[in-house]
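# Fold and contact review
Residues per chain, in single letters:
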Amino acid sequence: MGRCHTNVLLSLSCQSRHPKQTCTFWFMHILTEDPAKCSCSVNTPTKTRGVGAGKAADLTYWEGAARMIASVSKSSKIVIEKSTVPVKTAEAIEKVLRRNCSDPAVHFEILSNPEFLAEGTAMADLEKPDRVLIGGKETESGARAVKVLKSVYEHWIPEERILCANLWSAELSKLTANAFLAQRISSINSISALCEATGADVQQVAHSIGTDSRVGPKFLSASVGFGGSCFQKDILNLVYICEMLGLKQVAEYWHSVVLINDYQKQRFVERIIDAMFNTISGKKIAILGFAFKKDTGDTRETPALDVCKGLLGDNARLNIFDPKVTREQIFTDLATPKFEWDHPGRSKQPQKTDSVTVCDDPYEACNDAHGLAVLTEWDEFKTYDYERIYNTMMKPAFIFDGRNLLDHDKLREIGFIVYALGKPLDPFIQKAYS
């Protein structure tokens, strides 16, 4: 990677939620006392109270960063949005910057340069991105600012992968990119319910769809639901923007993506309860996987959380195992109200409960369990000795595969009653679903 001869201030408000993980935050270094460019990446959580609660983005941290930049600026700046923000945020930030800078000669030019980094592959995505998007005002000074930032990326990224757009298009592109990815997941998850009702196999349907070059195979794996810090938050933000602009039908369309995701998680819980003779009170259920996806310890908006809460609501006892998520994190998540996880200033204390045991070993988690639910697609789950697990479980022993990860035919040969999401139902439990 070429050396970047630029003066950049990184304003970053992030905190590690997983003490056993080492997190590296990289973009550019402070090179001078009063840099010419400020790259700002701060939390934009969903509001939990007031107007827009549950949908709108909370821009408190962004506004605070803007006020800080303005208060210390002695020369003109290019301020670069790295956070995912609502469209037109740059307009509001520019007003805050102008009103809080004591020197009228200082000029601020706002650029939108959203990140398209995926959890677990962020460094690779940064070094070899599909594209870099830079948005600026359609003015002479805006064009100059875009050119300056573009020159930084050109040190290691081919010019054809650097896309330039107007400011509002760039801000909206990040929201809609996440919305489109989540939409694909909810689409195939909705079809998984139809597959179960008709005897079709959702993996075969997804493969057939994915071989169409107009569609492609990515994000077509049916699962218990999507999670992560971005998808739901950004879709709800998009919904709120549409509602405020009077676009009711558009808002309802995108809100349905979230509703299907919630439906899928609740449907999975109900499948477990129905299969286990309509009662799980006092029964031990092993939970394999708590992170929102494999190869990360991130639990933000993990579907496992809602599934666990749903099972606990029916008085189940849970043994939870995840190879990366800490005991403290699991108990904290179970005690944290919805949308509060992304507010770094708010205290979150783990609250242990007698109904939940966090295990250090998967075989310990499955011992004396009535059922086993796979909620994260960790590769190691495929390597376990399921005959050993079967022998230690209560009978009939149930497996509920929320990721279609395991070898279901082999599990049935061992003796398990298997529920595989979106696949033809096991005859043992088929009556419960008819």
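In this report, we go over the structure that sits alongside the text. Quick caveat: nothing in here was measured; it's all calculated off a predicted structure. (Residues numbered from 1 in each chain as written. Predicted model: local features only at pLDDT ≥ 70, side-chain atom pairs only at ≥ 80, totals over all residues. Heavy atoms only, no water.)

Right, let's get into the side chain of serine 186. Considering the arrangement of structural elements, one finds serine 186 in helix H5 (residues 167-198). Serine 186 sits in the buried class, given a relative accessible area of 4%. (Helix = DSSP H or I, 4+ residues; strand = E, 2+ residues; numbered from the N terminus. Buried < 20%, exposed > 50% of the residue type's maximum accessible area, 1.4 Å probe, protein only.)

Take the sheet that holds strand S10 (residues 371-374) next. Ordered in space as S9-S8-S7-S10-S11-S12, the six strands form an open sheet in which the pairing is parallel. Every other strand in the sheet has two partners, leaving strand S9 (356-358) and strand S12 (417-420) as the edge strands with one partner each. Direction aside, the axes of adjacent strands within the sheet are offset by 15° on average. As paired strands, S10 and strand S11 (residues 398-401) are joined by four bridges and run parallel to one another. Of the residues in S11, the one forming a bridge with alanine 373 is phenylalanine 400. Packed onto the sheet, helix H9 (residues 303-313) meets strand S7 (284-288), strand S8 (317-321) and S9 and runs at close to 160° relative to S8. (Pairing = 2+ DSSP bridges. Axes fitted to C-alpha atoms, helices over the stretch in contact; angles between N-to-C directions. Contact = heavy atoms within 4.5 Å.)

Between two packed helices, what matters for the description is the angle formed by their axes and the separation of those axes. Close contact between H5 and helix H8 (residues 248-275) brings their axes to 9 Å; oriented N to C, the two are set at 45°. Considering the angle they form, H5 stands oblique to H8. Here H5 runs over H8; the crossing is left-handed. Facing H5, whose interface residues are Ala179, Phe180, Ala182, Gln183, Ser186, Asn189, Ser190, Ser192, Ala193 and Glu196, H8 presents Tyr253, Trp254, Val257, Ile260, Asn261, Tyr263, Gln264, Arg267 and Arg271. (Parallel < 35°, antiparallel > 145°, perpendicular 65-115°, else oblique. Left-handed = near helix turned anticlockwise from the far one by under 90°.)

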